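Survey of secondary and tertiary structure
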Amino acid sequence: QKGGFGREGSLELGQVLGWLVGDGTMKATEAVLSFFGQEKQQLAPMFASMVTQLTDGMQVLHRAYPVGVGWVNDRDEARVGSTRLWRLAGNYGITRENKLVVPEKVFIGSEALQKGFLQALFTADGHVAGNSAKGISVRLTSVSLDLLGDVQKLLLNFGIASKIYQFRRNEQKRMLPDGRGGNKEYSCQAYHDLVIAKDNLVRFSQEIGFLVD
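Keep in mind that this is a model prediction, so the values were computed, not measured.

**Let's talk about the overall build of the chain**
For the chain, the count of helices and strands is seven helices and ten strands. Accessible surface, the chain: about 11,500 Å² in total, of which carbon and sulfur atoms supply 48%.

**What to know about the environment of Ala44**
Relative to the helices and strands, Ala44 is located in helix α2 (residues 39-54). The exposure class of Ala44 is buried, given its relative accessible area of 0%. C-alpha separation for the pair Ala44 and Trp71, spaced 27 residues apart in sequence, amounts to 9.6 Å. Among residues more than four places away in sequence, those in contact with Ala44 are Phe35, Glu39, Val69, Ala78 and Val80.

**Structural notes on the pairing of strand β6 (residues 135-142)**
Both strand β5 (residues 126-131) and β6 contribute to a ladder of six bridges, which runs antiparallel. Bridge assignment links Val128 to a residue of β6, and that residue is Val138. Taken together, β5 and the strand that follows it, β6, pair antiparallel across an intervening segment of three residues. Where β6 and strand β10 (residues 191-197) come together, six bridges link them in antiparallel fashion. Counted as the bridge partner of Arg139 is Val195 from β10.

**Description of unusual backbone geometry**
The phi torsion of most residues other than glycine is negative, and most of the peptide bonds are trans. The backbone of Lys198 sits at a positive phi, close to 55°, despite the residue not being glycine. Here Lys198 shows up in the loop between β10 and α7 (199-207).

**Some words on the sheet that holds strand β2 (residues 31-36)**
The strand order β1-β2-β4-β3 describes an open sheet built from four strands, whose pairing is antiparallel. In the strand order of this sheet, the two ends are held by β1 (24-26) and β3 (70-72), each with one partner. Taking the axes of each pair of neighbouring strands and ignoring which way they run, one obtains an average angle of 25° across the sheet. In this sheet, strand β4 (residues 77-82) lies alongside β2 in antiparallel orientation, the contact comprising six bridges.

**What to know about the nonpolar core**
Formed by 49 residues in total, the largest nonpolar core has its most connected members in Phe122 and Val151. Tallying contributions element by element places helix α5 (residues 111-125) first for this core, with seven residues. Residue contacts for Val151: discarding those within four places in its chain leaves Val102, Leu118, Leu121, Phe122, Leu140 and Leu194.

**Let's talk about the confidence of the model for the chain**
A low pLDDT means the predicted coordinates there should not be read in detail. Confidence in the prediction for the chain averages 87 pLDDT; 86% of positions are at 70 or higher. When pLDDT is averaged over each helix and strand of the chain, the minimum, 57, is found for strand β8 (residues 172-177) and the maximum, 97, for α5.

**Quick look at the pattern of salt bridges**
By the definition in use, this model includes five salt bridges. Here Lys2 ties to Glu207 by a salt bridge, and the two come within 3.0 Å at their closest N and O atoms. Residue Lys2 is found in the segment before α1 (11-23), and its partner Glu207 is found in helix α7; the two are separated by 205 residues along the sequence. Judged by relative accessible area, which is 16%, Glu207 ranks as buried.

**A closer look at the packing of aromatic side chains**
Tallied over the entire structure, the rule returns six aromatic pairs. Three or more aromatic residues joined by ring pairs make a cluster, and in this case those are Trp19, Phe35 and Phe47. The ring of Tyr92 has Lys105 lying over it, and the distance from NZ or CZ to the ring centre is 5.1 Å.

Parameters and conventions
Residues numbered from 1 in each chain as written. Predicted model: local features only at pLDDT ≥ 70, side-chain atom pairs only at ≥ 80, totals over all residues. Heavy atoms only, no water. Helix = DSSP H or I, 4+ residues; strand = E, 2+ residues; numbered from the N terminus. Areas by Shrake-Rupley, 256 points an atom, 1.4 Å probe, with all protein chains shown as cover. Buried < 20%, exposed > 50% of the residue type's maximum accessible area, 1.4 Å probe, protein only. Contact = heavy atoms within 4.5 Å. Pairing = 2+ DSSP bridges. Axes fitted to C-alpha atoms, helices over the stretch in contact; angles between N-to-C directions. Core = buried A, V, L, I, M, F, W, Y, C linked by side-chain atoms within 4.5 Å. pLDDT = per-residue confidence, 0-100. Salt bridge = Lys/Arg side-chain N within 4 Å of Asp/Glu carboxyl O. Phe/Tyr/Trp six-rings, centres within 6.5 Å; stacked < 30°, edge-to-face > 60°. Lys NZ or Arg CZ within 6 Å of the ring centre and 35° of its normal.

Printed below as a string of structure tokens:
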């Protein structure tokens, strides 16, 4: 059984906000969406186009500012950065200090807005786990329990139940690539998993799904 939805907000707006929460960075005056691996070829240009359309009219000077894709070759990364997207995100309560949130306007927004937000967030930070023998599940991983709790509520709006497993990995120090060809010890935060399984998995694929196959 689906919950209630509002009227405000489009699928594209939801997707852009969801990707910003999942794989984005809020800088001092710019919001940056990051794309890696295979997804960057398909999704980065698509998101650049969506950001251009969504933020048209927010520029200070009245001329067209198409948002482009920046390719970071040594990191296998594509970036879509925009000051106007930073302003738009701020209007939705997504800030540098408070990025891992489901904005209140998404909670009270349209079904399309909520669907787009979940699609992008699960594509950025989620994955399919398991096999046909052990059972397949869709998992969303985050360092923020609050974010996963909010996502759980959003999913319930679509009639999709999920479970949250806390501290799937405790806080620890790990050797990770430093971006300069070497490794460095980093402190890694604890993370938690939201898991969708069984009948709810079918409903997730019907109602939400991923942005790429």
